[in-house]
Amino acid sequence: MSRSVALFLVLLLSACGLFPKEVQDSKSWSASKYYSEAKTELNDGNYQGAIKLFEALEARYPYGRYAQQAQLEIAYAHYKDSEPASAIAAADRFIKLHPNHANVDYAYYLKGLSNFNDDLGLMGIVSEKILGQDMSERDPKASRESFENFRELVSRFPKSKYAPDAVQRMKHLVNVVALNEVQVARYYMKRGGYVAAANRAQYALKEYPQTPATEEALFIMVKAYDALGMTDLRDDANRVMMKNFPNSRFFADSTGVDGEPWWRFW
């Protein structure tokens, strides 16, 4: 036997070991057998193997409760396998096919979770776990979509057992998106884009009031308006900030340096 053939057989046998169910004769399996085997794979963390079995179940037994549950389990398996796009697509499919299903609220919840944990794959893990980057420093698109997913869940199914967790995640997501707006305003500020900075900070205040981002948003408005020579708007923003954040961390030197007002210093 040549070395290339031997190597091929080794690789083939190794691949078979990854999906043991596929090399078995499953033609005689019942729907419940397919489901139990798929759940075992899912619980063991073999998400791709579980997905293949759930898909085989649905193909062989397309009708009935096992097929419906398999569709929902596929969405969950994709979510656990860090495949948010596939998880959301599977959840959307379930919602479209079974809008009145007893567990359709879970499909909405999975969509929210998938977007909530959408960390842009490997680079997101590097950013958050290694470099210490938080959610607000990334593209807020997934955060916005996650918020909408959770809001739809709470609106449609206020008594769902997933609603309380969804509400808590929505509160967090509002803070995340608000902080992202402020970080964009800070970006413009550092580059001399004072009009854009003021507008972005004002937008954060208007759309996401009473969030942790409010303090810095006001501070940016004061600095931006001062740089633009818009003293009336600067003083208005300053009064609001002084009233709401009298002990702000941005007031490190309220008297300034060489007679300069405090708002000239970051």
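Calculation rules
Residues numbered from 1 in each chain as written. Predicted model: local features only at pLDDT ≥ 70, side-chain atom pairs only at ≥ 80, totals over all residues. Heavy atoms only, no water. Helix = DSSP H or I, 4+ residues; strand = E, 2+ residues; numbered from the N terminus. Contact = heavy atoms within 4.5 Å. Areas by Shrake-Rupley, 256 points an atom, 1.4 Å probe, with all protein chains shown as cover. Patch = residues over 30% accessible without salt bridge, like charges linked within 9 Å, V, L, I, M, F, W, Y side chains within 5 Å. Salt bridge = Lys/Arg side-chain N within 4 Å of Asp/Glu carboxyl O. Buried < 20%, exposed > 50% of the residue type's maximum accessible area, 1.4 Å probe, protein only. Phe/Tyr/Trp six-rings, centres within 6.5 Å; stacked < 30°, edge-to-face > 60°. Axes fitted to C-alpha atoms, helices over the stretch in contact; angles between N-to-C directions. Parallel < 35°, antiparallel > 145°, perpendicular 65-115°, else oblique. Left-handed = near helix turned anticlockwise from the far one by under 90°. Core = buried A, V, L, I, M, F, W, Y, C linked by side-chain atoms within 4.5 Å.

Caption draft 1: Looking closely at the overall build of the protein chain. Secondary structure assignment for the protein chain yields 12 helices and 0 strands. Secondary structure elements of the protein chain, listed N to C terminal, follow the sequence α-α-α-α-α-α-α-α-α-α-α-α. Long-range contacts, defined as pairs at least 24 residues apart, comprise 56% of the intrachain contacts of the protein chain with a sequence gap of at least 6. Accessible area for the protein chain stands at about 15400 Å²; split by element, carbon and sulfur atoms hold 54% of it.

Caption draft 2: Fine view of a nonpolar patch on the surface. A grouping of Val195, Leu228, Met230 and Leu233 is seen on the molecular surface, where their side chains present a nonpolar patch of about 300 Å² in accessible area. With respect to the helices and strands, the residue leucine 233 is situated in helix H12 (residues 231-244). The exposure class assigned to leucine 233 is partly exposed, which follows from its relative accessible area of 37%.

Caption draft 3: Up close: the pattern of salt bridges. Applying the stated criterion to the full structure yields 15 salt bridges. Ionic pairing is found between glutamate 145 and lysine 141, a salt bridge with its closest N-O pair at 2.7 Å. Placement of the pair is glutamate 145 and lysine 141 together in helix H8 (residues 141-156), with a separation of 4 residues, close to one helical turn. Each member of the salt-bridge network shares a partner with another, and the members are Arg144, Glu181 and Arg200.

Caption draft 4: Just the packing of aromatic side chains, in detail. Under the criterion given, the structure shown has 14 aromatic pairs. When the centroid spacing of 6.3 Å and the interplanar angle of 65° are considered together, the rings of tyrosine 34 and tyrosine 61 count as edge-to-face. Residue tyrosine 34 is found in helix H2 (residues 31-43), and its partner tyrosine 61 is found in the loop between helix H3 (47-60) and helix H4 (65-80); the two are separated by 27 residues along the sequence. Look at tyrosine 34 and you get buried, because its relative accessible area is 5%. Between tyrosine 203 and tyrosine 208 the ring centres are 6.3 Å apart and the planes differ by 80°, which places this aromatic pair in the edge-to-face class. By relative accessible area, which is 34% here, tyrosine 203 ends up partly exposed.

Caption draft 5: Region of the structure containing the packing of H3 against H4. The N-to-C vectors of H3 and H4 enclose an angle of 160°; their axes lie 9 Å apart at closest approach. The orientation of H3 with respect to H4, classified from their angle, is roughly antiparallel. You can see that H3 and H4 cross each other, and the crossing is left-handed. Every residue of H4 that contacts H3 at Tyr47, Ile51, Phe54, Glu55, Leu57 and Glu58 is listed here: Tyr66, Ala67, Ala70, Gln71, Glu73, Ile74, Ala77, His78 and Lys80.

Caption draft 6: The arrangement of the nonpolar core in detail. Counting residues in each nonpolar core, the largest one holds 36 residues, and the members touching the most others are Phe54, Tyr109 and Phe150. Contributions of two or more residues to this core are made by H2, H3, H4, helix H5 (84-97), helix H6 (104-116), H8 and helix H9 (163-190). Ala178, Ala198, Ala201 and Ala213 belong to the second largest nonpolar core, which has 18 residues in total.

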